[in-house]
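Chain residues, written in single-letter form:
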Amino acid sequence: MPQYQAVKGTRDIFPEEAAQWKYVERVVHTFASLYGFSEIRTPVFEYTELFQRGIGSTTDIVGKEMFSFQPDPKGRSLTLRPEMTAGVMRAALQKNLLSSAPVHKLYYIGELFRKERPQAGRQRQFSQFGAELLGVSSPAAVAEVITLMMEIFDSLGLHGLKLRINSLGDTEDRLRYREALQLYFTPFHDILDEASKERLEKNPLRILDSKNPALQELIAGAPRLYDYLNDSSVQDFEKVLFYLAERNIAYDIDYRLVRGLDYYCNTAFEVTSSELGAQDAIGGGGRYDGLSRELGSSVEVPAVGFAVGMERLLMTMEKQGLFALLDSDNPLVYVVVQQQDLVDHGLQIAWRLRRAGIKTEIDLAARSMKAQMREANRISASYALFIGTMECTTGLYALKNLVTSEQTTLSLEAVLELLREQAEKEPLKS
RNA sequence: GUGAUUGUAGCUCAGUUGGUUAGAGCGCCAGGUUGUGGCCCUGGAGGCCGGGGGUUCGAGUCCCCUCAUUCACCCCA
């Protein structure tokens, strides 16, 4: 066993997998830009109060999952961000973004931290990409955000994902519904588990989320939030559904979808993958008009956003074989040096090849020719360029095509020209 | 935080009712080919059998503790 290993709930991403990340990130950047969203990067830690206020103190995230620390005994408590939205909203309010323009469309890719017990699809450090649309939360804005998310999935080739959607209504709707739920569940108080008993007081909506099999029947009989929506909430929701239908985005209405974060209102949605096991939510989001006020803003900033778990997305893609066609990042030419005293000459040639934009590899460990050829083969170089006494005296170099095994003898200029042509056919990956 | 699971070579795993120097496949390195890879053949390196304690003449194997892993619950991406 190694002396040190990665901290519980964290993992290393080695080059092969890193290529998959880069691929997905590139698609995210491309589509976000296509839909008019601009990237924002916020700090990985914030004042703890930001999350307490923003996410809600009744949530599990704030209650037990935050990595908090106090760098200065007299200073304020800080917390590694457990989600992105609060930080983005804080940044927008701090810079007074909405005074420069009424609408801002931001997206991000970043790491988050939650002190949970790791399991399949759950880590203590994980990544999300997402988008936040600030300044409007009209049905068109909600649909825009959902559409962007679904288009990214689609472009990556994902299939079999399920979009579930619900309306949580406005503040008044929820208040009335909350009372109705408490009225319904209170007679069954003794049947409820501990967590649900607590939620009955603080946030009865979350009882609906429970997976406890003993409660399923009881939950099924509970009043529906949808029946407590006022006309304008219903119309708002219907309009969102209309846009989705127009864009051929399939959805299921799930009247019990409430989602864990306190700040959501009206439309809430979640995308699940059957490929994932117990933690099957790959992304989710909704409207959060109340967040800005919660963070101390004097005006309400209507807002809507989504977040997608990178690891879960990658896991699903892997399961669906979507990385099979990913181009590998192999060198075009491997410079093979015949003997020790020619190494410096080989290094000089490798440098010239690289300056010409040709991806070149050369052995830095002074191994045998056979070892160099084996290495060239192992890393799937397309060509081998031999540096031997013959080449050095005649100025003509042996270039072997490692795929066809054909070998030709060319001047260095001809080698450069030929390889440069090849390099243009398969440009360097970023 | 709760429950279960698994820790033997770089990786995937064997290891019989406790019994001598702990094995295989793949990978790695070298040689077969002193200027040429893949395939094949031969050889080699590499293990405090997760750690600690106990039972026993004897523990990879049995018992206890501990650390770690994985999965699930809670909850979430």
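See above for the structure.
Predicted model only: the values in this text are computed from it and were never measured. (Residues numbered from 1 in each chain as written. Chains lettered and ligands numbered in written order. Predicted model: local features only at pLDDT ≥ 70, side-chain atom pairs only at ≥ 80, totals over all residues. Heavy atoms only, no water.)

The helix and strand tally for chain A stands at 15 helices and 16 strands. Its C-alpha atoms give chain A a radius of gyration of 28 Å, clearly above 22 Å, the size a compact globule of 430 residues would have. Along the longest, intermediate and shortest principal axes, the C-alpha atoms of chain A span 95 × 50 × 45 Å. Taking all 430 residues of chain A together, the buried fraction comes to 47%. Once local pairs closer than 6 in sequence are excluded, the contacts in chain A between residues at least 24 apart make up 70%. In the structure as shown, chain A presents an accessible area of about 22,200 Å², 50% of it carried by carbon and sulfur atoms. Charged side chains of chain A number 49 positive and 58 negative; the gap between the two group centres comes to 4 Å. (Helix = DSSP H or I, 4+ residues; strand = E, 2+ residues; numbered from the N terminus. Rg over C-alpha atoms; globule rule 2.2 N^0.38 Å. Buried < 20%, exposed > 50% of the residue type's maximum accessible area, 1.4 Å probe, protein only. Contact = heavy atoms within 4.5 Å. Areas by Shrake-Rupley, 256 points an atom, 1.4 Å probe, with all protein chains shown as cover. Lys, Arg positive; Asp, Glu negative; His and termini not counted. Charge placed at Lys NZ, Arg CZ, Asp CG, Glu CD.)

Here the focus is the pattern of salt bridges. Taken as a whole and assessed by the stated rule, the structure comprises 19 salt bridges. Asp 60 is the salt-bridge partner of Lys 64, the closest N and O atoms lying 3.9 Å from each other. Here Asp 60 and Lys 64 lie together in helix 3 (residues 60-64), a separation of four residues that amounts to about one turn. Assessed through its relative accessible area of 55%, Lys 64 is described here as exposed. The partner of Lys 162 in a salt bridge is Asp 252, with the nearest N and O atoms 4.0 Å apart. Here Lys 162, found in strand 7 (residues 161-167), pairs with Asp 252, found in strand 8 (residues 252-253); they are 90 residues apart in sequence, far enough to count as distant. The class for Asp 252 is partly exposed, based on a relative accessible area of 34%. Residues joined in a network through salt bridges with shared partners are Arg 164, Asp 254 and Glu 270. (Salt bridge = Lys/Arg side-chain N within 4 Å of Asp/Glu carboxyl O.)

What follows deals with the packing of aromatic side chains. The final tally for this structure, using the stated rule, is eight aromatic pairs. Judged by centre distance (5.6 Å) and plane angle (55°), the rings of Phe 242 and Tyr 243 are tilted. In this structure an aromatic cluster arises from ring pairing among Tyr 184, Phe 185 and Phe 188. The ring of Tyr 47 carries the charged tip of Arg 76 above its face, separated from the ring centre by 3.7 Å. (Phe/Tyr/Trp six-rings, centres within 6.5 Å; stacked < 30°, edge-to-face > 60°. Lys NZ or Arg CZ within 6 Å of the ring centre and 35° of its normal.)

Moving on to helix 11 (residues 310-319). Among the 10 residues of helix 11, seven are classified as buried, and the element is accordingly described as predominantly covered. Of the positions making up helix 11, those classed as buried are Met 310, Glu 311, Arg 312, Leu 313, Leu 314, Thr 316 and Met 317. Two residues or fewer after helix 11 comes Gly 321, characterised by a positive phi angle close to 65°.

Our focus in this paragraph is the layout of surface pockets. Within this model, the second largest pocket holds a volume of roughly 800 Å³. Mapped by element, the contributors of at least two residues to the lining of the second largest pocket are helix 2 (48-55), helix 6 (171-185), helix 9 (231-246), strand 9 (265-273) and helix 10 (291-294). Its residues assigned to classes, the lining of the second largest pocket comprises 10 nonpolar, 10 polar and 14 charged. (1 Å grid on protein atoms, 1.4 Å probe; cavity = no way out; pocket = protein on both sides within 12 Å on 5 of 7 lines; lining within 4 Å. Points joined across faces, edges and corners; volume = space filled by probe spheres on them. Nonpolar A, V, L, I, M, F, W, Y, C, P; charged D, E, K, R; others polar.)

Here we take up the pairing of strand 11 (residues 303-309). In summary, the side chains of a regular strand alternate between the two faces of the sheet. Among the seven residues of strand 11, seven are classified as buried, and the element is accordingly described as predominantly covered. The sheet contact formed by strand 6 (residues 125-134) and strand 11 spans seven bridges and is antiparallel. The residue of strand 11 that forms the bridge with Ala 131 is Phe 306. Here strand 10 (residues 281-287) pairs with strand 11 via five bridges, running antiparallel. Residue pairing across strands places Gly 283 opposite Val 308, the latter belonging to strand 11. (Pairing = 2+ DSSP bridges.)

The next point concerns the sheet that holds strand 7. The sheet built from eight strands is open, its strands ordered 1-5-6-11-10-9-7-8 with mixed pairing. Strand pairing shows two members of the sheet lacking a second neighbour, strand 1 (38-39) and strand 8, which therefore form its edges. Docked against the sheet, helix 9 engages strand 7, strand 8, strand 9 and strand 10, running at close to 160° with respect to strand 7. (Axes fitted to C-alpha atoms, helices over the stretch in contact; angles between N-to-C directions.)

It is the contact of helix 12 (residues 343-355) with helix 15 (residues 412-425), at a shortest axis distance of 10 Å, that shows an interaxial angle of 40°. The orientation of helix 12 relative to helix 15 falls into the category oblique. Viewed along their axes, helix 12 and helix 15 form a crossing whose handedness is right-handed. Along the contact surface, helix 12 presents Ile 349, Arg 352 and Leu 353, while helix 15 presents Leu 412, Glu 413, Leu 416 and Leu 419. (Parallel < 35°, antiparallel > 145°, perpendicular 65-115°, else oblique. Left-handed = near helix turned anticlockwise from the far one by under 90°.)

Moving on, we get to the nonpolar core. Val 24, Ile 146, Phe 153, Phe 185, Phe 306 and Leu 313 are the most contacted members of the largest nonpolar core, which totals 86 residues. The element that contributes the greatest number of residues to this core is helix 5 (residues 139-156), accounting for 10 residues. For Phe 185, the contacting residues outside a window of four places in its chain are Leu 192, Leu 200, Ile 207, Leu 208, Leu 218, Ile 219 and Ala 222. One finds Leu 332, Val 333, Leu 412 and Leu 419 within the second-largest nonpolar core, a separate group that totals 20 residues. (Core = buried A, V, L, I, M, F, W, Y, C linked by side-chain atoms within 4.5 Å.)

As far as function goes, none of this settles anything; it's purely spatial.
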